[in-house]
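# A structural walkthrough
Each chain, written out:
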Amino acid sequence: MILNSLNPAQQEAVQAPLGHQLILAGAGSGKTRVLTHRIVWLVEKENISPFNILAVTFTNKAANEMRSRIESMLSMPTKAMWIGTFHGLSHRFLRSHWQEAGLPQSFQILDSDDQFRMIRRVIHALNLDEDRFPPKEAQWFINGQKEEGREPHQVEPRDIAGQMFIRIYQAYQEACQRAGVMDFADLLLKTCKLLQTNATLRAHYQARFRCLLVDEFQDTNNLQYEWLKLLAGENNAVMIVGDDDQSIYGWRGARIENIHCFSKDFPGAKIIRLEQNYRSTSVILEAANALISKNSGRLGKNLWTEGKTGDPITIYAGFNETDEAFFIVNRIRDLRQNSYSLRQIAILYRSNAQSRVIEEALMQFGIPYRVYGGLRYFERAEIKDALAYLRLLTNLSDDPAFERIVNTPPRGIGDRTLTTIREYAKASGLTLWQALEQLLEQKQFTTRTETALLSFVNLIKTMIERTLALELHKQVEYVLYASGLIDHYRKEKGEKGLTRMENLEELVNAAHQFTQEGVPDEMSPIAAFLAYAALESGDVQAEVYDDCVQLMTLHSAKGLEFPVVFLAGCEEELFPHYLSMGDPKALEEERRLCYVGVTRAMHKLYMSYAEVRRMHGKEAYHRPSRFLHEIPVELVEEIRFRTKVSRPQAMMSTYQPEPEGRFHVGQEVRHRVFGDGIVLDIEGDGDDMKVTVRFPKLGTKVLIASYLTEK
Ligand code: ATP
Ligand code: MG
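Here we summarise the structure given alongside this text. Everything numeric in this text was worked out from a predicted model, so none of it was measured. (Residues numbered from 1 in each chain as written. Chains lettered and ligands numbered in written order. Predicted model: local features only at pLDDT ≥ 70, side-chain atom pairs only at ≥ 80, totals over all residues. Heavy atoms only, no water.)

## Focus on the overall build of the protein
- Secondary structure summary: the protein contains 26 helices and 22 strands in total.
- Here the protein holds 711 residues, and 55% of them are scored as buried.
- Once local pairs closer than 6 in sequence are excluded, the contacts in the protein between residues at least 24 apart make up 73%.
- For the protein, the exposed area adds up to about 31,400 Å²; of that, 49% sits on carbon and sulfur atoms. (Helix = DSSP H or I, 4+ residues; strand = E, 2+ residues; numbered from the N terminus. Buried < 20%, exposed > 50% of the residue type's maximum accessible area, 1.4 Å probe, protein only. Contact = heavy atoms within 4.5 Å. Areas by Shrake-Rupley, 256 points an atom, 1.4 Å probe, with all protein chains shown as cover.)

## Quick notes on the site of ligand 1
- Surveying the vicinity of ligand 1 reveals 19 residues, the closest of which are Lys31, Thr32, Arg33, Glu561 and Arg600.
- For ligand 1, an oxygen atom lies 2.6 Å from a polar atom in the side chain of lysine 31.
- Arginine 600 is positioned such that a nitrogen or oxygen atom in its side chain is 2.7 Å from an oxygen atom of ligand 1.
- In isolation ligand 1 offers 640 Å² of accessible surface; the protein chains occlude 86% of this area.
- Residue classes in the shell around ligand 1 are distributed as 3 nonpolar, 10 polar and 6 charged.
- Mapping the shell around ligand 1 onto the domain boundaries places at least three of its residues in each of domain 1 (8-97 + 189-275) and domain 3 (313-376 + 541-640). (Near = heavy atom within 4 Å. Polar contact = N/O pair within 3.5 Å; in protein donor to acceptor, adjacent residues only side chain to side chain. Nonpolar A, V, L, I, M, F, W, Y, C, P; charged D, E, K, R; others polar. Domains from an automatic or database assignment.)

## Considering the sheet that holds strand 6 (residues 211-214)
- Strands sit in the order 3-2-6-7-1-8 across an open sheet of 6 strands; the sheet is parallel. Strand pairing shows two members of the sheet lacking a second neighbour, strand 3 (82-85) and strand 8 (270-274), which therefore form its edges. On average, each strand axis in the sheet is tilted by 15° relative to the strand beside it, whichever way the strands run.
- When strand 2 (residues 53-57) meets strand 3, the two strands line up parallel, connected through 4 bridges. For alanine 55, the partnering residue across the bridge sits in strand 3 and is isoleucine 83.
- Where helix 2 (residues 31-44) meets the sheet, its contacts fall on strand 1 (21-25), strand 2, strand 6, strand 7 (237-242) and strand 8, and the angle it forms with strand 7 comes to roughly 160°.
- Packing of helix 4 (residues 86-96) onto the sheet brings it into contact with strand 2, strand 3 and strand 6, and relative to strand 3 it is tilted by some 125°. (Pairing = 2+ DSSP bridges. Axes fitted to C-alpha atoms, helices over the stretch in contact; angles between N-to-C directions.)

## Re the pairing of strand 10 (residues 345-349)
- In terms of residue burial, strand 10 counts as a mostly covered element, since 5 of its 5 residues are buried.
- Side-chain alternation along strand 10 places Ile345, Ile347 and Tyr349 on one buried face and Ala346 and Leu348 on a second face that is also buried.

## Focus on the pattern of salt bridges
- In this structure the tally under the stated criterion is 26 salt bridges.
- In this structure, the salt-bridge partner of glutamate 360 is arginine 356, at a minimum N-O distance of 3.2 Å. You can see glutamate 360 and its partner arginine 356 sitting in helix 14 (residues 355-364), 4 residues apart, about one turn around the helix. In terms of burial, glutamate 360 and arginine 356 fall into one category: buried.
- Through salt bridges with shared partners, one network takes in Lys146, Asp183 and Asp186. (Salt bridge = Lys/Arg side-chain N within 4 Å of Asp/Glu carboxyl O.)

## As for the packing of helix 4 against helix 8 (residues 184-197)
- At their nearest, the axes of helix 4 and helix 8 sit 9 Å apart, and the two run at 55° to each other. On the basis of the axis angle, helix 4 is oblique to helix 8. Regarding helix 4 and helix 8, the two cross each other, and that crossing is left-handed. In contact with Phe86, His87, Ser90, His91, Phe93 and Leu94 of helix 4, helix 8 contributes Phe184, Leu187, Leu188, Lys190, Thr191, Leu194 and Leu195.
- Looking at the contact of helix 4 with helix 8 residue by residue, the classes come out as 8 nonpolar, 4 polar and 1 charged. (Parallel < 35°, antiparallel > 145°, perpendicular 65-115°, else oblique. Left-handed = near helix turned anticlockwise from the far one by under 90°.)

## A word on helix 20 (residues 472-482)
- Listed as buried for helix 20 are Leu472, His473, Gln475, Val476, Val479 and Leu480. Considered in projection along helix 20, the buried side chains sweep an arc of 155° and stay on one side of the axis.
- Among the residues trailing helix 20, glycine 484 stands out with phi positive, at a value near 90°. (Arc of directions from axis to C-beta.)

Here is the structure:
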């Protein structure tokens, strides 16, 4: 019965005698299906109790799906079974063993923002200069060390600055301990440490979990692998399931090498390959195979299907991002007429900021949607910060806006000062702004606090003066920079900081488009824009169970499948992402991400790009993504501005070279990640122009001209 719906290779994996197994197979070949069937087999045929089983995967959504698939096949409750994410299961473990772990019973978990604030306080307490030791960098350092499983005393300092970061790490750990809190990485780290040092507990859990199963194994990092080894011990059966071609978290420490280590660490592991794909049409599958074959050093496999040929992949060349969004929405309307339900349709993109234009188009046509694994654009923290500045500029009595930004970015205005202002305002029936002005007049603060408060008041006043005569999008741009928000997020290293900067820059685009589309007469553009943003962030998001289109980044789509997939923004610099340019390893990770995207589609795949896109506040022309060229022409139908054209034409006309002679030696220029610098040298011209720039904090770098703007 359990084996009925499986092919011979899958059956072999599901009914193998207890022991280690490595299932290495491509997308859609039934890996997750094998894993869930194996669990049912273990319980029903091997008489293993659900209590003895642990299954782990990467997202809560995937874990929930796994549990419900198992429940639907199994005749007994699965409650005793540990199914979850690495973080979720570690949390469960520590809740049971808080005493052994030296934690307070009610220990709390810090999210990334809380963690940042805590690290900042620690840096201040150590009397260190925030400019030399930016909290964001310290956060990046600390999380990186934790992901490698290293406690402060185990980190080798590279230089004097490195030593200071270790001190910050140490002090931060002590502060967490005192406050009874822990961060995400701690959940895993503390679980590992406890299992390493407490032999009784280790023996208990190793006796309990007789069978351990891991999905999406290609994305485990060192600490997660260590976690698995500790729980598995010597005698338990471990099944790992993965696909090296779908490893997309290298930037967060995931190691494909763990797949190679597995056979060594778990001797006798049986390797099973699955090659038949059940998910996609043969057109989609061939496209995916052709694409991924451009990567080097693969473990190698070839997927085939008995499924239908299917429709060609539609590539759409939009003339800008709005046109692209309307193409998608129009197609969704057609699909709906052809009896597809909305939940069968997914729109995937590389960067979070791309969702705004698509969300607006969907909203205009009243199509419900849900953004997965992220907030809707106008609800994101950094956007709310920026909007709060705009709100305070237009209305000094906007107390919630005042509260939100008075110390964002941090400018030394503490909770105690704020309480004083709040209480005074309340007692005298004033707004926070008025209260602040009066308290300043009365010289109620220490000199240090007064300086901080005055600089805030002056900042807001200057902003009001300077933005008065500006057009709306210039106003927004000015506020983003003058408020320090852009600099604040620039310091936040890694994907997250970058995402926030991209989102902020997207706000300038939103304002630009908003004014172009017309503002009602009776309102000032800024008031109209704020009203629009507030409405957009209202509770229009469809509930999980509603029939709605699913929007998510490619990263959060891993493991999922949809009858129809739209892959938007297939342009060089957007996808592959510009930070991967010139780095072959990073480019291969981008290609794997594209492979993940393509293989989510079951029946129909659309890929689209915009010839002009507003990015980082200006119009940019990018070539269509190289990934589009890597898909064989015969699998593709190309549509351009709603008329079919042949591929070469569509591909050639989109590239416009950078104007020559934009830069000269000695010029001040700006790079979105490295910040401001000075041109030292220029080589080549046009597309090949390379510019040597000295950045005050980072030293000298040679960059391609198109990554720079004049300051
Ligand atoms: P990914 O790499 O994307 O995680 P996967 O290898 O885990 O994919 P599954 O999600 O398990 O693949 O399966 C893909 C689809 O194929 C699912 O809809 C699944 O139900 C179906 N499928 C898998 N094996 C079979 C089979 N033997 N017969 C019919 N359908 C199958
Ligand atoms: Mg899967």
